[in-house]
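The chain contents come next:
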Amino acid sequence: MAVIVAITSCPTGIAHTFMAAEGLQRGAESLGHTIKVETQGSVGAENTLTAADIAAAEVVIIAADTKVDLSRFAGKRIYETSTKAAIHDGAGVVKAALAQATTKAVSAGARSDLVDQVAAAKAARASGVAGPYKHLMTGVSYMLPFVVAGGLLIALAFAFGGIYVYEDANRGTLGWALFQIGAPSAFALMVPILAGFIAFSIADRPGLAPGMIGGMLASSTGSGFLGGILAGFIAGYATQWLNQNLNLPKTLAGLKPVLILPLLSSLFVGLLMVYVIGQPVSSALNALTAWLQSMEQSSALILGLILGAMMAFDMGGPVNKAAYTFATGLLASQVTTPMAAVMAAGMTPPLGLALATLLFKDRFSDEEREAGKAAAVLGISFITEGAIPFAAKDPFRVIPSIMVGSAVAGALSMLFGATLAVPHGGIFVLPIPNAVGNLPMYIVAILVGTLVTAAMLYVLKRPLNTAEAPTTAAVRGTAD
């Protein structure tokens, strides 16, 4: 008897999804096998597969006509087919799966280098995240491509047509066209996408429409990313509550995900945004924007210190993401100095560690010094998680060191008035005209933060003992 898990999904998420699940269930039982089927329908995933279910399974069957995320099944034998095949011959699909399923192989050394360790750490964090934080991060992750594309297009528009490229006098020029793509289009979608996918994370597909409608209203009422976050959560939880508590006859069940839930949820969140939430949140956002734009050097320094330390504290965890989300959301209000501080502070932990492994070799093992090369690449790419494996081995020395370095980088960036129009990219966005304001001093902030991080590591870490220390030839960089 084999233990099998499966996922079924069709484009509409109504009939074929559940018919395929029933076909697989009957087919497996007729052959004497045990099966659990997760249905990814229009009202969200039901009978969800747990980590224990997947670990115990001998084979995974994907009977779907839509794209299904297979990341949960790394290392498992997987067989993919259509819902039609599962509906018409469930037993045949099960037999074929047991005979023909292929394994998503993981090489023996897949966790041996820093990049894979970082990927594993990020995956572990993602799998352990739940509740509102998970929903917020889902919205942010879907929003980021729009912010990156929009910000770079706006920067290129200014490069081609100057800072007044958007005026009617420049209509029809390449710069004007780039600005239209970036600002009124890509940037305008930021808040609706954020709100929509927060709601999607909570209530699955039925939450998407009310979430995006609430996000559009957040934009039109001036409540920006703060209003979008509220709209997303309200839409998501309202849709989830209605889905769980609104019972309809089977003959009308098909109307629930495509008509009833989106309509009622959109009505609820829309009225709240127009009459209750929009104006107060808009006033709060305007006050925050005005304060940030009028900061004196001392307050800018303090904000940079705080944001910088937050970026390094948990290297991609909730505190890091809180600082990052705050800075990213402000881009929609044309407040770009916090974004510059956050990226500088996020780059310095792996860069500082890479530099320390190069300069102070007696404080790091051969494995760590080799990992330092990969950390440098992750650092210049603004992947703060590159510091996680080092911090995991020596948290009480590494974490304070990188926090100090990142705080310095963030503070200097704010003090210099550096700006950043895009929320990611590391050094690869620095050469793009107008992407970074006060570029020379911004580079100085990153370099100083990196040097401070390395210096702190020199002070706090002690030379390794003889058994742990790298060989003399390795320290000198020569072969025996």
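Residues numbered from 1 in each chain as written. Predicted model: local features only at pLDDT ≥ 70, side-chain atom pairs only at ≥ 80, totals over all residues. Heavy atoms only, no water.

1. Observations regarding the overall build of the protein chain
In step 1: Scanning the protein chain for helices and strands turns up 19 helices and eight strands.
In step 2: Along the first, second and third principal axes, the C-alpha set of the protein chain runs to 70 × 65 × 40 Å.
In step 3: Counting over 480 residues, the protein chain shows a buried share of 48%.
In step 4: Split by element, the accessible area of the protein chain, about 21600 Å² in all, is 65% carbon and sulfur.
In step 5: Looking at charge distribution, the protein chain has the averaged site of its 27 positive side-chain charges lying 2 Å from that of its 26 negative ones. (Helix = DSSP H or I, 4+ residues; strand = E, 2+ residues; numbered from the N terminus. Buried < 20%, exposed > 50% of the residue type's maximum accessible area, 1.4 Å probe, protein only. Areas by Shrake-Rupley, 256 points an atom, 1.4 Å probe, with all protein chains shown as cover. Lys, Arg positive; Asp, Glu negative; His and termini not counted. Charge placed at Lys NZ, Arg CZ, Asp CG, Glu CD.)

2. Quick word on the environment of V342
In step 1: Assignment of secondary structure puts V342 in helix α14 (residues 337-359).
In step 2: On a C-alpha basis, the gap between V342 and T325 in space is 9.8 Å, while along the polypeptide they are 17 residues apart.
In step 3: The residues contacting V342, other than those within four sequence positions of it, are L307, M311, A323, Y324, A327 and F382. (Contact = heavy atoms within 4.5 Å.)

3. Observations concerning the environment of P132
In step 1: Following the sequence through the fold, P132 ends up in helix α6 (residues 131-161).
In step 2: Each C-alpha atom of the pair P132 and I202 lies 8.5 Å from the other, and the pair is 70 residues apart in sequence.
In step 3: Among residues more than four places away in sequence, those in contact with P132 are F233 and Y237.

4. A short note on the side chain of S223
In step 1: Residue position: S223 is located in the loop between α9 (208-220) and α10 (224-245).
In step 2: Residue S223 is classed as buried on the basis of its relative accessible area of 0%.
In step 3: Polar contacts involving the side chain of S223 include one to the side chain of T221, which spans 3.2 Å. (Polar contact = N/O pair within 3.5 Å; in protein donor to acceptor, adjacent residues only side chain to side chain.)

5. Description of the side chain of T357
In step 1: Positionally, T357 belongs in helix α14.
In step 2: Among the polar contacts made by the side chain of T357, one reaches the main-chain carbonyl oxygen of A354 at a distance of 2.7 Å.
In step 3: Sequence-distant contacts of T357, defined by excluding residues within four places in its chain, comprise F364, E368, R369, G372 and F390.

6. Quick notes on the packing of α6 against α10
For any two helices packed against each other, the geometry is given by the interaxial angle and the distance between the axes.
In step 1: Running from N to C, α6 and α10 point in directions that differ by 115°, and their axes come no closer than 11 Å. In this structure, α6 crosses over α10, and the sense of that crossing is right-handed. When α6 is examined against α10, the residues P132, H135 and L136 are found in contact with a partner set consisting of I229, F233 and Y237.
In step 2: Taken together, the residues that form the contact of α6 with α10 break down as five nonpolar, one polar and no charged. (Axes fitted to C-alpha atoms, helices over the stretch in contact; angles between N-to-C directions. Left-handed = near helix turned anticlockwise from the far one by under 90°. Nonpolar A, V, L, I, M, F, W, Y, C, P; charged D, E, K, R; others polar.)

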